[in-house]
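# Architecture at a glance
The lines below spell out each chain.
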Amino acid sequence: MCGMPQQPPIRSTPPRPPRPDASMSLLTNVMDHSLDDGYAEAAARKKTEGAGGMPKTVRAKLGLAAGLVLAALVVTVGAANARIAAPVVAKERQELIDRIQRETSSADKLESSVDALRDDVSARQREALKKQGGGDQADLVDVLSGAVAVHGPGVKLVVNDAKEATQGGDGDPRETNGFSDTGRVRDRDMQRVVNGLWESGAEAVSINGQRLTALSAIRAAGDAILVDNKPLVPPYTVLAVGDGERLSTRFQNSADGLYLHALQENYGIRTSISVDDDVRLSAAPSVIVRTAQPSTEKGTS
C-alpha cells in the first residue's frame, strides 16, 4: 500500500536558561572594558617608548647633568681669570701701600721741621723781649701766653666717657646734633672744666698735651672734640699748674666742679682729680707774643 511519504517529526530546541548576570549588563560592560580609549592609548605609547624611545626621567637627568657641566665650566673659567689677575691686583695693592708709607714718612718729616721752626721762633721772640728790657715781666708774659714750657705744682684731672653709654631719648637736655650718646664727654663739658680751673687759680692748662692759650678754642666736629683744631680722644687728661691743694679744693667747690660731679652722678661719666708736685706742660705752637709800648706825645710849644 502505497502511501505518501511521511515528514520527519520537527524537534523543538528547549529554551536556554537566562544568564544570572543578565540584569547587570552595565556592570558586566565595565568589567569587560575597564580602560577607556584614552588610557589604552597612553599605555600603548608607554610601551612604544620603552621599546625604542627614551624615558622622560632619563632625559631630565641628562638635562640636569648638562646644566651642571655648564655651571662648572663657568666657575672654572672665572677661577682661571681670577688667578691670572691676582698678581696684577697684588702688585697694584703693594704699590699703593708703598706710596702711602712714603707720603706718611714725608709728612712726618715736614711736621718735625715745623716743630723745630716753631721752637726757633719762640726762642727768638724771648730773646727779643729780653733785649727790649722786659726782664722778669717778659718771662711772665711768656708763661701766661703759653709761649714757653712750664712745670711746677698743680693738679691732674682725668675726664672719661661712661663705661656703658646709653642712647639719649627725645627731650633729653644733653641731646644735640652730633652727640646722641649721653654717656660721652662733650666739648661744652671740657669748656666748663677748663674755665673752672682758670677761675680757681690755674696759671697754665693743657688737655691731652695741647697747651691752652687765650686764643685756644674747644669745639666739636661730629663725635670728636677739637682743641685748636686738633682732635682728641678720651680719656681727656687735664693738667693745670698752680697751688695744687688750693687749686683742687677751689675747683671742686666751684660751679664748674659741681657740674662735673653732676655728670658723674647722672650719666656715669668718670672723673678723677689728684694733686701733683711737678706738673709739666709743653709750649703752645705758633704763639706770637706782642707787647704794647707806651706812646709818647710831643708837647706843643
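A few points on the structure. No experiment lies behind these values; they were computed from the predicted model shown. (Residues numbered from 1 in each chain as written. Predicted model: local features only at pLDDT ≥ 70, side-chain atom pairs only at ≥ 80, totals over all residues. Heavy atoms only, no water.)

### Remarks on the overall build of the chain
Assigned secondary structure in the chain consists of seven helices and eight strands. Intrachain contacts of the chain at a sequence separation of at least 6 include 74% that bridge at least 24 residues. Here the chain has roughly 22100 Å² of accessible surface; of this, 56% comes from carbon and sulfur atoms. (Helix = DSSP H or I, 4+ residues; strand = E, 2+ residues; numbered from the N terminus. Contact = heavy atoms within 4.5 Å. Areas by Shrake-Rupley, 256 points an atom, 1.4 Å probe, with all protein chains shown as cover.)

### As for a negative patch on the surface
There is a patch of like negative charges on the surface, built from Glu203, Asp243, Glu245, Asp276 and Asp277. Since its relative accessible area comes to 68%, Asp277 is described here as exposed. (Patch = residues over 30% accessible without salt bridge, like charges linked within 9 Å, V, L, I, M, F, W, Y side chains within 5 Å. Salt bridge = Lys/Arg side-chain N within 4 Å of Asp/Glu carboxyl O. Lys, Arg positive; Asp, Glu negative; His and termini not counted. Charge placed at Lys NZ, Arg CZ, Asp CG, Glu CD. Buried < 20%, exposed > 50% of the residue type's maximum accessible area, 1.4 Å probe, protein only.)

### Notes on the environment of Asp228
Relative to the elements of secondary structure, Asp228 occurs in the loop between strand E5 (224-227) and strand E6 (230-232). Sequence separation between Asp228 and Ser216 is 12 residues; the distance between their C-alpha atoms is 5.6 Å. In this structure Asp228 touches Arg211, Leu215, Ser216 and Ala217, once residues within four positions along its chain are discounted. Within the local environment of Asp228, its side chain forms a polar contact with the side chain of Ser216, the two groups lying 3.1 Å apart. (Polar contact = N/O pair within 3.5 Å; in protein donor to acceptor, adjacent residues only side chain to side chain.)

### Things to note about helix H6 (residues 244-253)
Taken residue by residue, H6 has Gly244, Leu247, Ser248 and Phe251 as its buried positions. Projected down its long axis, H6 shows its buried positions confined to an angular sector of 95°, all on one face. Looking at H6, the residues exposed on the side facing more than 90 degrees away from the buried face are Glu245 and Asn253. Its buried side turned inward, H6 meets strand E1 (150-160), helix H5 (187-199), strand E7 (236-241), helix H7 (255-267) and strand E8 (270-281). (Arc of directions from axis to C-beta.)

### Notes on H7
Between its first and last C-alpha atoms H7 spans 18 Å; for 13 residues at 1.5 Å apiece the expected length is 18 Å, and the two agree. The set of residues buried in H7 consists of Asp256, Gly257, Tyr259, Leu260 and Leu263. Angular distribution of buried residues about the axis of H7 spans 160°; they occupy a single face of the element. Away from its buried face, by an angle of more than 90 degrees, H7 presents the exposed residues Ala255, Leu258, Glu265 and Asn266. (Expected span 1.5 Å × (residues − 1).)

### Side note on the nonpolar core
Of all hydrophobic cores here, the largest spans 25 residues; its most connected members are Met190, Leu197, Ile207 and Val238. Broken down by secondary-structure element, the contributors of at least two residues to this core are E1, H5, strand E2 (204-207), E5, E7, H6 and H7. In contact with Leu197, not counting residues within four places along its chain, are Val155, Ala202, Val238, Ala240, Leu247 and Phe251. Listed in part, the six residues of the second largest apolar core include Val150, Ala204, Val241 and Val279. (Core = buried A, V, L, I, M, F, W, Y, C linked by side-chain atoms within 4.5 Å.)

### What to know about unusual backbone geometry
Residue Pro235 is bonded to the preceding Pro234 through a cis peptide linkage, with omega at 0°. Counting through the fold element by element, Pro235 comes out in the loop between E6 and E7. Even without glycine at this site, Asp228 takes up a positive phi of about 55°. Residue Asp228 is classed as partly exposed on the basis of its relative accessible area of 30%. One non-glycine residue, Asn229, lies in positive phi territory at about 65°. You can see Asn229 is positioned in the loop between E5 and E6.

### Focus on the side chain of Asp161
Here Asp161 lies in the loop between E1 and H5. For Asp161, a relative accessible area of 11% translates into the label buried. Looking at Asp161, its side chain comes within polar contact range of the main-chain nitrogen of Val185, at 2.7 Å. Every residue in contact with Asp161, bar those within four places of it in the chain, is listed here: Gly183, Arg184, Val185, Pro234 and Arg270.

### Focus on the sheet that holds E2
One key point about sheets: their strands pair by backbone hydrogen bonds, in either a parallel or an antiparallel sense. Ordered by their spatial adjacency, five strands build an open sheet running E3-E2-E7-E1-E8, and the pairing between neighbours is antiparallel. Two strands lie at the open edges of the sheet, namely strand E3 (210-211) and E8, each paired on one side alone. Of the pairings in the sheet, the one linking E1 to E8 comprises 10 bridges and is antiparallel in character. Across the sheet, the residue bridging to Gly154 is Asp276, located in E8. (Pairing = 2+ DSSP bridges.)

### A closer look at the packing of H5 against H7
Look at H5 against H7: their axes get within 8 Å of each other, and the N-to-C directions meet at 145°. Classified by chirality, the crossing of H7 by H5 is left-handed. Together, Arg188, Asp189, Arg192, Val193, Asn195, Gly196 and Glu199 of H5 and Ala255, Asp256, Tyr259, Leu260 and Leu263 of H7 make up the contact between the two elements. (Axes fitted to C-alpha atoms, helices over the stretch in contact; angles between N-to-C directions. Left-handed = near helix turned anticlockwise from the far one by under 90°.)

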